[in-house]
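For reference, the chains in residue letters:
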Amino acid sequence: MTGPAAQAHATAAQAHADPAQAHATAAQAHADPAQADPAEAQARPAETRALPAACTDDAGCGYDPATERCGADPRLNRQPPLTDQGIVCYCDAGACALHRVLPVPCEGDSDCAVANEPRPHPVRATRERPHEKGRPCRDFTLSTTCERTNICTLRRHACPKR
């Protein structure tokens, strides 16, 4: 064989000659970053490193959507106070923690209640945790209502300081 046909055959044979070498090359490309050279680890962007988690209060914790974790880095998203569902980043024993609140279905206000742990959020009313009774600001500062969307919603009352 001579000419272009021989060259094409040689190229094809070389491509299929050593599948083990091709596998090794692919495996090296996808190697665990933890086993990489320390100089390479420092060259990686800061986003892939562990988030600082030390905090002193809830305001110091924010949410990182890329890693789905809470941390104390000031660049992270601070979450507003929860009303019906979402993510709560809070400071627990000096470290940022994550609490995910799912929507609570309801038929009426009596189906909703407030859970204070780890941070205030709406839950389904039970015998142990009934719907709030009494007058706002006198008997309670947080209450729940069943909205038109049939989801329990937490309400923070603006009470005068005593």
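Residues numbered from 1 in each chain as written. Predicted model: local features only at pLDDT ≥ 70, side-chain atom pairs only at ≥ 80, totals over all residues. Heavy atoms only, no water.

(A) Local environment of the side chain of His157. The residue His157 is located in the segment after strand S8 (152-156) in this model. A distance of 2.7 Å separates a polar atom in the side chain of His157 from a polar atom in the side chain of Ser143. The contacts of His157, once residues within four sequence positions are left out, are Pro136, Cys137, Phe140, Thr141, Leu142 and Ser143. (Helix = DSSP H or I, 4+ residues; strand = E, 2+ residues; numbered from the N terminus. Polar contact = N/O pair within 3.5 Å; in protein donor to acceptor, adjacent residues only side chain to side chain. Contact = heavy atoms within 4.5 Å.)

(B) Representation of the pairing of strand S5 (residues 112-115) within the structure. Burial along S5 is two-sided: Cys112 and Val114 and Ala113 and Ala115, pointing in opposite directions, are all buried. Summarising the sheet, S5 and strand S6 (residues 121-124) pair through four bridges and their orientation is antiparallel. Paired with Ala113 across the bridge in S6 is Val123. Between S5 and the antiparallel strand that follows it, S6, lie five residues. (Buried < 20%, exposed > 50% of the residue type's maximum accessible area, 1.4 Å probe, protein only. Pairing = 2+ DSSP bridges.)

(C) The arrangement of the state of the cysteines in detail. In this structure the tally under the stated criterion is six disulfides. Each sulfur of the disulfide joining Cys106 and Cys146 lies 2.0 Å from the other. One quick way to see it: the torsion about the S-S bond of Cys106 and Cys146 is about 90°, and its sign makes the bridge right-handed. Of this pair, Cys106 sits in the loop between strand S4 (95-101) and S5 while Cys146 is found in strand S7 (residues 142-146), placing the two residues 40 residues apart along the sequence. Paired by a disulfide, Cys112 and Cys152 hold their sulfur atoms 2.0 Å apart. Across the S-S bond linking Cys112 and Cys152, the dihedral sits near -85°, which makes this disulfide left-handed. Note that Cys112 is positioned in strand S5 and Cys152 in strand S8, a separation of 40 residues in sequence. In this pair, the class of Cys112 matches that of Cys152, namely buried. Here the protein chain pairs its bonded cysteines, counted in sequence order, in the arrangement 1-5, 2-6, 3-4, 7-10, 8-11, 9-12. (Disulfide = S-S within 2.5 Å.)

(D) Geometry of the layout of surface pockets. One number sums up the size of the largest pocket: a volume of about 240 Å³. Taken together, 13 residues line the largest pocket, and the ones lying closest to its centre are Asp58, Gln79, Pro81, Val88 and Cys89. (1 Å grid on protein atoms, 1.4 Å probe; cavity = no way out; pocket = protein on both sides within 12 Å on 5 of 7 lines; lining within 4 Å. Points joined across faces, edges and corners; volume = space filled by probe spheres on them.)

(E) The arrangement of the pattern of salt bridges in detail. By the definition in use, this model includes three salt bridges. Asp73 serves as the salt-bridge partner of Arg75, at 2.6 Å between the closest nitrogen and oxygen. Classification of Arg75 by relative accessible area gives exposed; the value is 62%. (Salt bridge = Lys/Arg side-chain N within 4 Å of Asp/Glu carboxyl O.)

(F) Focus on unusual backbone geometry. Between Glu117 and Pro118 the backbone carries a cis peptide bond, its omega angle lying at -5°. Structurally, the position occupied by Pro118 is in the loop between S5 and S6. Despite not being glycine, Ala93 has its phi angle at roughly 55°, a positive value. Even without glycine at this site, Asn150 takes up a positive phi of about 60°. Checked against the element boundaries, Asn150 lands in the loop between S7 and S8. The exposure class assigned to Asn150 is partly exposed, which follows from its relative accessible area of 35%.

On their own, these measurements won't tell you what the molecule is for.
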